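Chain and residue survey
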Amino acid sequence: CIRDLNSACKGVSRIDTDFNSLHFVSLDWDRLGLAAWSDASLGNAEGFRTQVGGCVFLTDEIKYNPLNFYSRKLRRVARSTFSSELYGLTDLVDSLIHCHNLIKDYHKYEIPLTVYIDSQSILSNLNSNSPNTTEKRLLLELAFLKDLLTTYSIRILHVPGRSNPSDCLTKSAKFSASMH
């Protein structure tokens, strides 16, 4: 997993500042897949708002090309780290599915979809039949997310926060994974 993260970060670093463009590497179409990372930061944005960020890469498991990355204030009220991470993950899965559908128009085979998150509590709630929350809005969000993960056969894996490339999209530079 760490090798994948290092490759993904190197893919992002291929931004050419002289020409304001990205340079993509050739990928092996027989091993094509999508990998995505999600992160959220509760109360870290201006006005103590929650910041969410994510990045989606087209990959052949060795090389990575960035397709989408974003950092934005969450448009919903998040009352806990759990809820902010959950809402951020839902945003990322929406973006991942959008990229998947665009690629599927050109690449007729099913490609694997993998999401990496740094929240153990989200992961355990997604793998459990009895969630650790009683808030109706979070239960609905978990059910919706579980349905998307099943429908699109999305693998969801844990990654340490300090190794999460989307960490730099939600926190100030001195705390981001990109600094390690």
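Once a new chain begins, its residue numbering starts again from 1 and follows that chain's sequence as written. Where local features are concerned, this predicted model is filtered to residues with pLDDT of at least 70; where side-chain atom pairs are given and counted, the filter is 80 or more; whole-chain, interface and lining totals use all residues. Only hydrogens and water are set aside when side-chain values are computed; all heavy atoms of the structure are taken into account.

**Description of the packing of aromatic side chains**
Stacked, tilted and edge-to-face pairs are distinguished by plane angle, under 30 degrees for stacked and over 60 for edge-to-face with tilted covering the rest, among Phe, Tyr and Trp rings (Trp via its six-membered ring) whose centres lie within 6.5 Å. Inspection of every chain in the model, using the stated rule, returns four aromatic pairs. For the pair Trp 37 and Phe 57, a centre-to-centre distance of 5.6 Å together with 80° between the ring planes defines the contact as edge-to-face. Of the two residues, Trp 37 is situated in strand E3 (residues 33-45) and Phe 57 in strand E4 (residues 49-59); the sequence distance between them amounts to 20 residues. You'll find Trp 37 and Phe 57 in the same group, each marked buried. On the basis of an interplanar angle of 55° and a centroid distance of 6.3 Å, the ring pair of Trp 37 and Tyr 64 is categorised as tilted. With Trp 37 in strand E3 and Tyr 64 in strand E5 (residues 64-73), this pair connects stretches of sequence that are 27 residues apart. Relative accessibility decides the category of a residue: with a 1.4 Å probe and only protein chains considered, values under 20% of the type maximum give buried, values over 50% give exposed, and everything between is partly exposed. By relative accessible area, Tyr 64 is classed as buried at 2%. Taken together, Trp 37, Phe 57, Tyr 64 and Tyr 116 form an aromatic cluster joined through their ring pairs. Strands here mean DSSP runs of E at least two residues long; helices mean DSSP runs of H or I at least four residues long; both are numbered from the N terminus.

**So, unusual backbone geometry**
The backbone of Glu 61 sits at a positive phi, close to 75°, despite the residue not being glycine. Along the chain, Glu 61 turns up in the loop between E4 and E5.

**Some details on the side chain of Ser 84**
Mapping Ser 84 onto the fold places it in helix H2 (residues 81-104). Once residues within four sequence positions are removed from consideration, Ser 84 is found in contact with Ala 40, Leu 42, Thr 50, Val 52, Leu 74 and Ala 78. Every residue pair with non-hydrogen atoms within 4.5 Å of one another is taken to be in contact.

**Let's talk about the nonpolar core**
To define a nonpolar core, start from buried Ala, Val, Leu, Ile, Met, Phe, Trp, Tyr and Cys residues and group those joined through side-chain atoms within 4.5 Å. Core analysis: the largest hydrophobic core is formed by 35 residues, its most contacted members being Leu 34, Leu 89, Val 93, Leu 96, Val 115, Leu 126 and Ile 154. Broken down by secondary-structure element, the contributors of at least two residues to this core are E3, E4, H2, strand E6 (113-117), helix H3 (120-126), helix H4 (136-151) and strand E7 (154-158). Element by element, the count of residues in this core is highest for H2, at ten residues.

**Regarding the side chain of Ser 95**
Structurally, Ser 95 is set in helix H2. Contact partners of Ser 95, with chain neighbours within four places excluded, come to Val 56, Asn 68 and Tyr 70.

**Notes on the environment of Asp 167**
Inspection of the secondary structure assignment puts Asp 167 in the segment after E7. According to the relative accessible area criterion, Asp 167 is buried, its value standing at 5%. Along the primary structure Asp 167 and Ala 40 are separated by 127 residues, whereas in three dimensions their C-alpha atoms are 7.8 Å apart.

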